[in-house]
2 protein chains.
Amino acid sequence: MVENNELRKAGLKVTLPRVKILQMLDTTEQRHMSAEDVYKALMEAGEDVGLATVYRVLTQFEAAGLVVRHNFDGGHAVFELADTGHHDHMVDVDTGEVIEFTDASIEKRQREIVEEHGFELVDHNLVLYIRQRK
Amino acid sequence: MVENNELRKAGLKVTLPRVKILQMLDTTEQRHMSAEDVYKALMEAGEDVGLATVYRVLTQFEAAGLVVRHNFDGGHAVFELADTGHHDHMVDVDTGEVIEFTDASIEKRQREIVEEHGFELVDHNLVLYIRQRK
DNA sequence: CTCTCTGCAAATTATTTGCAGCTGG
DNA sequence: CCAGCTGCAAATAATTTGCAGAGAG
């Protein structure tokens, strides 16, 4: 299976908790999960993994570039698989729903702005907080 | 003094801790301060204010629109006076330095994107993580 | 076998809240 | 006065860490 190679490439042993967590992120329909979400989902699936392990593994995955961590408003971080390309997020402030998008002109303008200031762009984070138009 | 009016307009009594915190935000050269930063600065200035009060007051100020809360990466929130207009941030990943900027074309494009999806823009958050070009 | 990993519980960090007393209008 | 405020300590919430045993290569 593909997952195992991902783990090996990251220099991580292929262990049960790691495979389960990776599969969970891969198969769930919910692209953005908090550590708690992953933990609960594993519990419900009958997998016996500690919450601390979920945090540790997600952090390792982030370091390995397998997942991306987002700090939306509201205190807790969410993770998503890094398999699709880069994109930004819109968060519906009423429902909490997360929508992904990318916009080339914004990306381009960001690079220009940074260069005008004499820096290089390492990363960026754009979140649009939105609401259904009534 | 101006501060007192700001507070009254917000429906908040003009109390010592509130005035001190507002002045601290106004006079410090560091535009972005965490609750802890404000607390320590007050201690050093010989003011006796509880950390809990700093949190409470900053939250009230945010609700009143006097300050803006930002959730940059790294676990803790920072606050800044809302006296200047809206702007976004660049954070130097090496030094931690924060630079403010605005860009009309990005702002405009954001609104367009949101509308294309049938939403209205409530707020947004853009942080560029940068590094000195070598 | 050995070194990495894991579970559990205890520790930290950031922030919030209950409550009895203080204070501004 | 007296409702709104404050300090302190205790309560939460999210995440991290220490440690002894389990498991991968």
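Everything discussed here concerns the structure shown above.
Given the structure is predicted, the values throughout are model-derived calculations rather than measurements.

> Could you give an account of the side chain of E80 of chain A, with specific residues and numbers?
All names here are of chain A. By secondary structure assignment, the location of E80 is in strand β2 (residues 78–81). A distance of 3.5 Å separates the side chain of E80 from the side chain of H32, its partner in a polar contact. For E80, the side chain forms a polar contact with the side chain of H87, separated by 3.1 Å.

> Tell me what's going on with the protein's contact with DNA strand C, and back it up with residues and numbers.
Among the 20 residues in the neighbourhood of DNA strand C, the closest are listed as T15, R18, T53 and R56 of chain A together with Y55 of chain B. Of what DNA strand C places within 4 Å of the protein, 69% of the atoms are sugar or phosphate. K13 of chain A has a polar backbone atom sitting 3.4 Å from a phosphate oxygen of DNA strand C. Of all elements in the fold, only α2 (16–27) and α4 (51–64) of chain A together with α4 (51–63) of chain B reach the threshold of two or more residues within the surface near DNA strand C.

> Run through the interface of chain B and chain A, naming residues and quoting values.
On the chain A side, the residues contacting the 33 residues of chain B number 33 residues. For the pair chain B and chain A, the summed buried area comes to about 3100 Å², and 62% of that belongs to carbon and sulfur atoms. Three residues, F119, E120 and R133 of chain B, lead the burial of chain B against chain A; their summed loss comes to 20% of the area buried on that side. Joining chain B to chain A, the criterion identifies two salt bridges. Between R109 of chain A and D103 of chain B there is a salt bridge; the shortest N-O distance is 2.7 Å. Our count for the chain B to chain A interface comes out at 14 residue pairs in polar contact (both at pLDDT 80 or more). Of all the secondary-structure elements, those providing two or more residues to the side of chain B that touches chain A are β4 (88–92), β5 (98–101), α5 (104–116) and β6 (119–132) of chain B. Considering every element that reaches the side of chain B that touches chain A, the biggest residue donor is β6 of chain B, with 14 residues. Among the residues forming the side of chain B that touches chain A, the class breakdown is 15 nonpolar, eight polar and ten charged. In this structure, strand β5 (residues 119–132) of chain A lies alongside β6 of chain B, joined through 13 bridges in antiparallel fashion. Bridge pairing in β6 of chain B places N125 of chain A opposite V127 of chain B.

Quick notes on the rules
Residue positions are counted from 1 within each chain, in the order its sequence is given. Naming scheme: in the order in which they are written, chains are lettered from A and ligands are numbered from 1. Side-chain atom pairs in this predicted model are given and counted only at pLDDT of 80 or more, local residue features only at pLDDT of at least 70, and totals for whole chains, interfaces and linings cover all residues. Side-chain numbers here rest on the full set of heavy atoms in the structure, without hydrogens or water. For helices the rule is a DSSP run of H or I covering at least 4 residues; for strands it is a run of E covering at least 2, with both sets numbered from the N terminus onward. Distance and chemistry together define a polar contact, namely a pair of N or O atoms within 3.5 Å, with one atom able to donate a hydrogen and the other to accept it when in protein, and with adjacent residues in sequence counting only for side-chain atoms on both sides. One heavy atom suffices: a residue is near a molecule or strand as soon as one of its heavy atoms comes within 4 Å of it. In this analysis, two residues are considered to be in contact whenever any of their non-hydrogen atoms come within 4.5 Å of each other. What gets called buried area is simply the loss in accessible area from a 1.4 Å probe that two parts show on being joined, summed for both. In what follows, salt bridge is the name for a side-chain nitrogen of Lys or Arg lying within 4 Å of a carboxyl oxygen of Asp or Glu. Asp, Glu, Lys and Arg are counted as charged, while Ala, Val, Leu, Ile, Met, Phe, Trp, Tyr, Cys and Pro are counted as nonpolar; the rest, among them Gly, fall into the polar class. Pairing between strands is defined by DSSP: at least two bridges between the two strands are required.

By themselves, these observations are geometric and do not establish any function.
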